[in-house]
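Breakdown of the fold
Okay, here's what each chain looks like letter by letter:
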Number of protein chains: 2
Amino acid sequence: MKTEVNMLTKDLPIGIFDSGLGGLTVMQEIIKLLPNENLIYFGDSAHLPYGNKSQKNIIRYSLANAKFLQKQKVKVIVVACNSASAYALDALKKELDLPVIGVIAPGFFSLMQATKNFKVAVLGTRATINSNIYQKLILQKHPKASFYPIACPLFVPLVEEGLHKHHLSSLHIHEYLQPLKDKNIDAVLLACTHYPLLKELIQNYLGKKVLVIDPAIATAHALKELLEEQKLLTSKKSSSYKFFVTDDAKKFKILGQNFLGMEIKNVKEIEPL
Amino acid sequence: MKTEVNMLTKDLPIGIFDSGLGGLTVMQEIIKLLPNENLIYFGDSAHLPYGNKSQKNIIRYSLANAKFLQKQKVKVIVVACNSASAYALDALKKELDLPVIGVIAPGFFSLMQATKNFKVAVLGTRATINSNIYQKLILQKHPKASFYPIACPLFVPLVEEGLHKHHLSSLHIHEYLQPLKDKNIDAVLLACTHYPLLKELIQNYLGKKVLVIDPAIATAHALKELLEEQKLLTSKKSSSYKFFVTDDAKKFKILGQNFLGMEIKNVKEIEPL
């Protein structure tokens, strides 16, 4: 009987949510690693950005998003937003009876794998940085590490405005990251799903000796491991992608291509939750 | 009997709403001009910013905000947000049975009073500029005017981040306003409540020959005229100010002082509507 349930469950789609477009960078890595899985992406664009909202409302929105995905009958939920992962993951795990993974633990893990001198930085939204979640993880596991958390709140609007290759973005990068220049760091984590679009400029500013890490790749691997462990990898050989947004499906389609790296079809706009 | 109703009504507070902090620049001008009026300010910070949301959701949020203020028994509603005024004013006037004024018409009026050569620019959010509302007004009243509408979507996050005097804001101003430099404009309207905080830098960039206009002052005057016409000016000699927000009352108190020009007390955080 159990086998039969699993047979059904494992072919259900994977649910992914984010405050808007950013999570599509995570979806892109999931598609690369798990090309046969069906995916449902939920972008809560009516409430974006999460990164400057309070913990209370980030939890509220995250629970609503996850419950929406649960109704779509997904087998697992990926919280593809650092601010939501930082504040809402515990609440989600408590409230939902299906596996939930976020981007924080995979990001932290790949940062710790990358560093040799244990002098590292984490760049994120104000919400993510203020949550102190990376600081707690680093202090628990590597108490002697030198850790530099930097909130870069303007990176999201710069990317949303398509300025991720613009010289003004380089100047903002200079402004935010200047304090890192004399710290001898060797690895930096992009702890916001928008930031990978700025990776090239950030890499140029920090120089080749610093590894710039996008947690999307590690998150996709963590998801694959979880699916393997729980025997939830799909048995199908084809995949489909569906998208739901709470504001402006048209804008999501147009701008989303930059984040996902492919054309976006099948978007449904629903009422804000 | 009518006189008695008006006696009661005229001492009710004025309701003001905005997506967050910006409308406090309008409230400041209302306080200066109408110091005896009680004011209730509603900041829908759970859904901010409005300027990059769709018309549908801007109307949805505006109606919810106005209905909340109506329940607080206000005598008039001021829509202190250009994006909401641009998209939702008609819906608000239709749905509510009390007077509603926005910031668009007063801003347009003061722009037309300021210009001598009828070469003018309007700076706003993407929503406000895309609504074409100023363009329609100008074409109706002054069909020969040269009109330059410019969306400056990064101005809001720059101001929200407290960078309104920062050299990076000057560079963004240069980037957005460069097309105006050879157009011989003599007046520019700041059609977003955040932009007055950038007035000094914008004025420096455009030079002394260009009048930079904040619609908040004209909005306060339009409100006064409306109250006079409808015999709704208060008879009281003292005033009180109440604030409601849908996210992070603490942040609103701290950052709001820059916008209001005075200390903010008496803020209540309520659930998103």
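Below, the structure is looked at part by part.

What counts as what
Throughout, residues of each chain are indexed from 1 in the direction in which the sequence is written. Whichever chain is written first becomes A and whichever ligand is written first becomes 1, with later ones labelled in order. For a predicted model such as this one, the threshold for reporting local features is a pLDDT of at least 70, and the threshold for listing and counting side-chain atom pairs is 80 or more; totals across whole chains, interfaces and linings nevertheless cover every residue. Excluding hydrogens and water, the side-chain values take into account all heavy atoms of the structure. Least-squares fitting of one copy onto the other uses the C-alpha atoms of those residues that reach a pLDDT of at least 70 in both copies. Between two residues, a contact is recorded if the distance between any of their heavy atoms is within 4.5 Å. Secondary structure is summarised from DSSP: a helix means a run of H or I of at least four residues, a strand means a run of E of at least two, and numbering begins at the N terminus for each. The buried label goes to any residue with under 20% of its type's maximum accessible area, the exposed label to any with over 50%, and the partly exposed label to all in between, with areas taken from a 1.4 Å probe on protein chains only. Here a pair means two rings of Phe, Tyr or Trp (six-membered ring of Trp) with centres within 6.5 Å. Their orientation is stacked below 30 degrees between planes, edge-to-face above 60, and tilted elsewhere. Any Lys NZ or Arg CZ that is within 6 Å of a ring centre and within 35 degrees of that ring's normal is treated as a charge sitting over the ring. Axis lines are fitted through C-alpha atoms, for helices just across the contact stretch, and the angle between N-to-C directions can take any value from 0 to 180 degrees. Between 65 and 115 degrees an angle is taken as roughly perpendicular, under 35 as roughly parallel, over 145 as roughly antiparallel, and anywhere else as oblique. Should the near helix be turned anticlockwise from the far one by less than a right angle, the crossing is left-handed, and should it be turned clockwise, the crossing is right-handed. Here the term charged refers only to Asp, Glu, Lys and Arg, the term nonpolar to Ala, Val, Leu, Ile, Met, Phe, Trp, Tyr, Cys and Pro, and the term polar to all other amino acids, Gly among them. Between N or O atoms, a polar contact is any pair within 3.5 Å; within protein, one atom must be a potential hydrogen donor and the other a potential acceptor, and residues adjacent in sequence are included only when both atoms are from side chains. For two strands to count as paired, DSSP must find a minimum of two bridges between them. For a crossover, the right-handed case is the one in which the path from the first strand over the helix to the second runs clockwise, viewed with the strands pointing away from the viewer. Two parts placed together each lose some accessible area under a 1.4 Å probe, and the buried area is that loss summed for both. Here, a salt bridge means any Lys or Arg side-chain nitrogen found within 4 Å of an Asp or Glu carboxyl oxygen.

With that out of the way, let us pick up the relation of the copies chain B and chain A. Least-squares fitting of chain B to chain A yields an RMSD of 0.0 Å, with the superposition described by an axial translation of 0.0 Å and a rotation of 180 degrees. The operation mapping one copy onto its partner corresponds to a two-fold rotation axis. No C-alpha of chain B lies nearer the rotation axis than that of B:His47, which sits 2.6 Å from it. When the interface residues of chain B are mapped onto chain A, 100% of them are again interface residues, pointing to one common binding face.

Here the focus is the environment of A:Lys94. All names here are of chain A. Structurally, Lys94 is set in helix α4 (residues 82-95). Lys94 sits in the exposed class, given a relative accessible area of 76%. As a C-alpha pair, Lys94 and Val159 span 65 residues in sequence and 33 Å in three-dimensional space.

Okay, the packing of aromatic side chains next. Applying the stated criterion to the full structure yields 16 aromatic pairs over all chains. If you follow B:Lys181 out to its NZ or CZ, it ends over the ring of B:Tyr205, 4.4 Å from the centre.

Let's shift gears to the packing of helix α2 (residues 24-33) of chain B against helix α12 (residues 249-260) of chain B. All names here are of chain B. Viewed as axis vectors pointing N to C, α2 and α12 meet at an angle of 55 degrees, and their least axial separation amounts to 8 Å. Between α2 and α12, the angle is such that the two are oblique. Crossing geometry of α2 relative to α12 is assigned as right-handed. Residues Leu24, Thr25, Met27, Gln28 and Ile31 of α2 lie in contact with α12, whose contacting residues are Phe252, Gly256, Phe259 and Leu260. Here the contact of α2 with α12 is composed, by residue class, of six nonpolar, three polar and no charged.

Its location among the elements puts B:Asp247 in the loop between β9 (241-245) and α12. Only 2.5 Å separates the side chain of B:Asp247 from the side chain of A:Ser54, close enough to count as a polar contact. Excluding anything up to four places from it in sequence, B:Asp247 contacts A:Asn52, A:Lys53, A:Ser54, A:Asn57, B:Ser45, B:Ala46 and B:Glu269.

Once that is clear, we can look at the sheet that holds strand β4 (residues 100-101) of chain B. Residue and element names in this part refer to chain B. Read across the open sheet, the six strands follow the order β4-β3-β1-β2-β9-β10; overall the sheet is parallel. The open sheet terminates on both sides in strands that have one partner only, identified here as β4 and β10 (267-269). Bridging between strand β1 (residues 14-18) and strand β2 (residues 39-43) involves five bridges; their strand directions are parallel. Each bridged residue has a counterpart across the sheet, and for Ile14 the counterpart in β2 is Leu39. Contacts between α2 and the sheet are confined to β1, β2, β3 (76-79) and β9, with β2 contributing the most and set at about 175 degrees to the helix. Packing against the sheet, helix α3 (residues 55-71) makes contact with β1, β2, β3 and β9, and its axis sits at approximately 155 degrees to β1.

Below, the discussion takes up the pairing of β3(B). Residues and elements named next belong to chain B. Where burial is concerned, the two faces of β3 agree: the one with Val76 and Val78 and the one with Ile77 and Val79 are both buried. The pairing of β1 with β3 spans four bridges and is parallel. The partner of Ile14 across the bridge, within β3, is Val76. The parallel pair β3 and β4, bridged by helix α4 (residues 82-95), forms a crossover whose chirality is right-handed.

Next up on the list: the interface of chain B and chain A. Taken together, the contact between chain B and chain A spans 32 residues of the former and 32 residues of the latter. When the two sides are added together, the surface that chain B and chain A hide from each other amounts to roughly 2500 Å², 49% of it contributed by carbon and sulfur. Joining chain B to chain A, the criterion identifies six salt bridges. The salt bridge involving B:Arg60 is made with A:Glu271; its shortest N-O contact spans 3.3 Å. If you list the elements that add at least two residues to the side of chain B that touches chain A, you get α3, α8 (155-160) and α9 (167-177) of chain B. At five residues, α9(B) tops the list of elements feeding residues into the side of chain B that touches chain A. Residues that form the side of chain B that touches chain A fall into these classes: 12 nonpolar, nine polar and 11 charged.

For the rest of this paragraph, the subject is the pairing of strand β5 (residues 119-124) of chain A. Residue and element names in this part refer to chain A. The element β5 is largely enclosed, with a buried count of five among its six residues. Bridge count for β5 against strand β6 (residues 146-151) is six bridges, and the pairing is parallel. Looking at the pairing, Lys119 lines up with Ser146 of β6. As judged from the four bridges shared by β5 and strand β7 (residues 187-190), these two strands associate in the parallel manner. Each bridged residue has a counterpart across the sheet, and for Ala121 the counterpart in β7 is Val188.

Counting across every chain of the model gives 18 salt bridges over all chains. Measuring nitrogen to oxygen at the nearest pair gives 3.0 Å for the salt bridge that ties A:Lys183 to A:Asp182. Here B:Glu200 ties to B:Lys165 by a salt bridge, and the two come within 3.5 Å at their closest N and O atoms. Taken as a pair, B:Glu200 in helix α10 (residues 199-206) and B:Lys165 in the loop between α8 and α9 lie far apart in primary sequence, 35 residues in all. Comparing B:Glu200 with B:Lys165, the two get one shared label, exposed.

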